[in-house]
Each structure stands twice: as C-alpha cells, then as structure tokens.
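Descriptive structure summary
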Amino acid sequence: MNEMTKIAATTTIKDWETDQEVRWCPGCGDYAILKAVQRTLPELGADPANTVFVSGIGCSSRFPYYVESYGFHTIHGRAPAFATGIKLANPELDIWLVTGDGDGMSIGGNHTMHLLRRNLNCQVLLFNNEIYGLTKGQYSPTSRQGTTSPTTPLGSVDRPASPCAFALGAGARFVARGFDVSKELTTVLKAAYHHKGAAFVEIFQNCIVYNKDRFEDFAAPKGAEHAQLWLKHGEPMLFDRGTKGISLCQDDLTLKVVDVVDGDWKSAGVIVHDVTNRSVAYMLVDLRVMPRFADFPMALGVLYDDPRPTFEEVVTAEREQASAGKEPNLAKLLAKGQTWTVTEDGPEL
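Residues numbered from 1 in each chain as written. Predicted model: local features only at pLDDT ≥ 70, side-chain atom pairs only at ≥ 80, totals over all residues. Heavy atoms only, no water.

The subject of this paragraph is the sheet that holds strand 2 (residues 70-73). Strands sit in the order 2-1-3-4-6-5-11-7 across an open sheet of eight strands; the sheet is mixed. Each edge of the sheet is formed by a strand with only one pairing partner; in this case those strands are strand 2 and strand 7 (228-231). The sheet shows a mean angle of 20° between the axes of neighbouring strands, taken without regard to direction. With four bridges joining them, strand 7 and strand 11 (residues 298-305) adopt parallel strand pairing. Note on strand 11: the bridge partner recorded for Trp230 is Leu300. Sitting on the sheet, helix 1 (residues 29-44) touches strand 1 (51-55), strand 3 (94-100), strand 4 (122-128) and strand 6 (198-204), and the angle it makes with strand 4 is about 160°. Sheet contacts for helix 6 (residues 185-194): strand 3, strand 4, strand 5 (174-179), strand 6, strand 7 and strand 11; angle to strand 5, the most-contacted strand, approximately 160°. (Pairing = 2+ DSSP bridges. Helix = DSSP H or I, 4+ residues; strand = E, 2+ residues; numbered from the N terminus. Axes fitted to C-alpha atoms, helices over the stretch in contact; angles between N-to-C directions. Contact = heavy atoms within 4.5 Å.)

See below:
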C-alpha cells in the first residue's frame with residue numbers, strides 16, 4: 001500500500017529556501033524544478049528535520065545546497081549507495097535522490113539499477129537534459145542520434161537510452177515523467193512522495209547553454225499542449241483538448257492515435273489508464289521517444305505505480321527474524337571456534 005497519510009509539519013516555501021547563492025546558468029530549467037520541489041514539500045507536510053537530499057555530480061547535483069534540510073553532495077554516480085546507507089541506518093528519514101542523465105544513466109547507471117530493483121523507499125529525480133552541461137556540453141547517454149558536441153563533432157551515432165524504459169527494466173514499481181516548467185510537475189512529485197518504494201521521476205530539463213530548447217516540440221511553455229498526453233489513473237488517454245486519444249490495436253498489440261468526435265472516446269476505442277498495468281507502461285514510455293512512435297504525444301504524469309515491500313522493510317524483518325530469541329553476546333560469538341591465537345612461532349589453529 002502507498003503511504004497516503006503522514007503527520008503534517010507546517011512549513012512554507014520560505015522554510016525550504018537556503019541562504020546559498022543559486023549557481024546555475026540564467027534560464028536553466030533547474031530553477032523551475034527547484035521551485036517546484038520547494039512548493040511541493042510544504043503541501044506534503046514534509047519536515048525539514050526529517051528530510052534528506054542526496055546527489056551525485058553534475059549541474060543538477062547542486063540541489064542539496066538549495067534546500068533547507070539535510071543534504072549530501074556525494075561522488076559521481078554513487079548517490080544511490082549513499083541513499084541506501086542513510087535509509088538503512090534510519091528508515092524514518094525521507095530521502096530525495098537528485099541525479100542527471102549522465103550521473104544516473106552512465107557513471108552511476110549500475111547503482112541506479114540496483115536501487116530500483118531493491119526498491120529502496122525514496123524519490124529519484126532524474127533531470128534529463130540530454131547533455132553533459134557541467135563539463136561543457138559533451139553528449140550523454142540520452143543524447144539523440146546526430147547530436148553534435150565537443151566529443152561528437154560529426155554527430156552522435158549512439159542510440160540513446162530511455163530513462164523510463166531503463167527504470168521499468170530494472171524493476172522499478174513507480175515510473176513517472178514531467179518537465180521543468182510544467183504546472184503539473186508538483187502533482188507528479190506528490191505522487192512520487194506517496195508511493196511506498198523507489199519512485200523514479202524523469203524530468204525533462206532545458207539546458208539553456210549546450211542543448212537549448214531540445215524539448216520545445218512537447219514542453220514549450222505555450223503552444224505544445226497538443227503533444228502532451230497527461231496520464232491519470234482511471235481516466236481515458238485523451239490529448240489535444242480531448243480531440244484525440246490512444247487506443248490499443250488488437251491485431252498487433254500496439255498503441256494507436258485515434259480521433260475523438262464530439263467527446264465520444266468510448267466509440268473511438270480510447271483506453272483508460274491503469275497505473276498498475278505494467279505491459280501498457282512499457283508501451284507508453286516509447287511514445288515520441290522511439291522513432292517508430294515519433295508522431296505520438298509524450299506520455300507524462302504517472303505511467304506506472306504498483307507498490308511492493310521496500311528494501312529496508314525486508315532487511316529489517318530478516319534481521320529481526322534472525323535475532324529473535326537470542327541474546328547479543330560478542331564474547332560467545334568470538335569463542336565459537338573460528339578464532340586462533342598468534343604466537344611468536346605462528347598461529348595456533
């Protein structure tokens with residue numbers, strides 16, 4: 001079950017702002033994401049004394065400096081390892097992990113995978129700008145084919161990684177998407193917070209210097225609504241002001257775009273979003289991302305949400321079971337026969 005009720009702490013957005021100078025490039029999408037998080041935390045009733053932000057390396061990873069709570073700016077790609085240790089040491093803490101497409105999908109891809117499959121109870125915010133911004137614009141694992149950069153002057157030939165497809169493949173039980181300037185981003189963050197387990201959120205983020213307006217076709221502040229499919233559990237998959245929808249073709253089991261006339265989405269065969277349907281989630285993450293589905297809208301919001309026991313719950317239960325009825329006795333443990341005495345002539349085994 002997801003956690004829907006918590007003891008609320010009364011804070012305002014000012015309580016989550018630090019006195020640190022925010023050092024991102026003017027116009028960077030990170031500013032909008034920071035504000036969205038700082039607006040969301042008071043609405044969640046989050047407690048600064050019980051909240052920890054953990055990051056790796058990259059532009060996004062300066063995040064902990066700008067949130068008035070506990071924070072760890074760790075090493076490249078290793079934020080999941082730090083987050084796991086923090087959560088196991090104190091399961092009551094609320095962990096937010098902030099990473100980027102390079103930090104979380106390349107240098108730390110291995111660590112991200114294991115955090116997701118273990119299902120550590122935390123929120124993972126992956127800022128995807130499809131470029132290494134901090135190190136002057138090299139192409140990243142999510143850069144599209146043909147991306148020119150200092151390390152790909154003729155254009156990238158790599159097929160890009162899809163963070164949400166990666167998360168599903170790694171066993172994540174919550175996968176969502178948003179973008180930096182969207183008003184819906186706070187709703188996505190709240191859903192991630194209430195999910196019990198590892199909640200993975202890909203946030204498309206505009207890098208104003210090295211990859212400007214990369215997501216304008218669906219994430220422009222105005223005029224791109226027709227290319228956005230905002231998903232809500234139990235509601236039909238409609239977009240473009242309800243004039244179009246998503247149906248499932250029974251012949252080849254692929255998603256199709258259909259026209260909706262006079263709001264009659266049932267006759268058009270539009271399907272209803274079920275956040276627990278993992279098979280459909282696998283199809284949704286490919287829309288507009290894979291070349292075959294380039295003309296589809298971008299699937300946004302909560303794509304998949306199906307909780308299961310968390311890593312720290314299982315570890316704690318295992319330890320309690322192993323120690324049940326036993327008295328801790330270090331001397332007895334050392335005397336169990338697996339010890340020896342070292343003398344001048346060597347060990348007496």
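As a further point, take unusual backbone geometry. Unusually for a residue other than glycine, Glu130 sits at a positive phi of about 60°. Glu130 gets classed as buried once you look at its relative accessible area, which sits at 6%. Phi is positive for Asp213, close to 60°, though the residue is something other than glycine. Inspection of the secondary structure assignment puts Asp213 in the loop between strand 6 and helix 7 (216-219). (Buried < 20%, exposed > 50% of the residue type's maximum accessible area, 1.4 Å probe, protein only.)

A separate point is the packing of helix 1 against helix 6. At their nearest, the axes of helix 1 and helix 6 sit 9 Å apart, and the two run at 55° to each other. In terms of axis orientation, helix 1 runs oblique to helix 6. The two elements helix 1 and helix 6 meet at a crossing, and its hand is right-handed. Here Ile33, Ala36, Val37, Arg39, Thr40, Glu43 and Leu44 of helix 1 come into contact with helix 6, specifically with Leu185, Thr186, Leu189, Lys190, Tyr193 and His194. Looking at the contact of helix 1 with helix 6, its residues break down into seven nonpolar, three polar and three charged. (Parallel < 35°, antiparallel > 145°, perpendicular 65-115°, else oblique. Left-handed = near helix turned anticlockwise from the far one by under 90°. Nonpolar A, V, L, I, M, F, W, Y, C, P; charged D, E, K, R; others polar.)

With that settled, the discussion passes to helix 1. For helix 1, spanning 16 residues, the distance from its first C-alpha to its last is 23 Å, which sits close to the expected 22 Å at 1.5 Å a residue. Contacts from the buried residues of helix 1 go to strand 1, strand 3, strand 4, helix 6 and strand 6. Once helix 1 ends, the next one or two residues include Gly45, with phi positive near 75°. (Expected span 1.5 Å × (residues − 1).)

Quick look at the pairing of strand 3 now. Counted residue by residue, strand 3 has seven buried out of seven residues, so it is predominantly covered. The alternating pattern of strand 3 places Asp94, Trp96, Val98 and Gly100 on one face and Ile95, Leu97 and Thr99 on the opposite face, and all of these are buried. Two elements, strand 1 and strand 3, share five bridges in a ladder whose sense is parallel. Within the sheet, the bridge partner assigned to Val52 lies in strand 3 and is Ile95.

This part is about the pattern of salt bridges. Applying the stated rule across the entire model yields 10 salt bridges. A salt bridge links Asp306 to Arg173; the shortest N-O distance between them is 3.2 Å. Taken together, the residues Asp306 in the loop between strand 11 and helix 9 (311-323) and Arg173 in the loop between helix 5 (163-169) and strand 5 connect sequence positions 133 residues apart. In this structure, Glu313 and Lys196 form a salt bridge, with 2.5 Å as the shortest nitrogen-oxygen distance. Taken together, the positions of Glu313 in helix 9 and Lys196 in the loop between helix 6 and strand 6 put the pair 117 residues apart, joining distant regions of the chain. (Salt bridge = Lys/Arg side-chain N within 4 Å of Asp/Glu carboxyl O.)

What follows concerns the packing of aromatic side chains. Evaluation of the coordinates by the stated rule reveals 13 aromatic pairs. Residues Phe179 and Trp230 carry aromatic rings whose centres are separated by 6.2 Å and whose planes lie at 40° to one another, so their mutual orientation is tilted. Separated by 51 residues along the polypeptide, Phe179 in strand 5 and Trp230 in strand 7 bring together distant segments of the chain. Among the residues examined, Trp230 registers a relative accessible area of 22% and is labelled partly exposed. Members of the aromatic cluster, joined through ring pairs, are Trp24, Tyr31, Phe53, Phe63, Tyr65, Tyr66, Trp96, Phe127 and Tyr193. Between the NZ or CZ atom of Arg118 and the centre of the ring of Phe311, over which it lies, the distance is 5.7 Å. (Phe/Tyr/Trp six-rings, centres within 6.5 Å; stacked < 30°, edge-to-face > 60°. Lys NZ or Arg CZ within 6 Å of the ring centre and 35° of its normal.)

The subject of this paragraph is the sheet that holds strand 10 (residues 254-259). Spatially, three strands are ordered 8-9-10 in an open sheet, and the strand pairing comes out antiparallel. The open sheet terminates on both sides in strands that have one partner only, identified here as strand 8 (238-239) and strand 10.

A few words on the side chain of Asp103. Structurally, Asp103 is set in helix 3 (residues 101-107). Buried Asp103, no salt bridge; nearest opposite-charge side chain is Arg78, N-O distance 7.2 Å. Discounting chain neighbours no more than four positions away, the residues touching Asp103 are Gly56, Ile57, Ser61, Ile75, His76, Gly77, Gly108 and Gly109. (Lys, Arg positive; Asp, Glu negative; His and termini not counted.)

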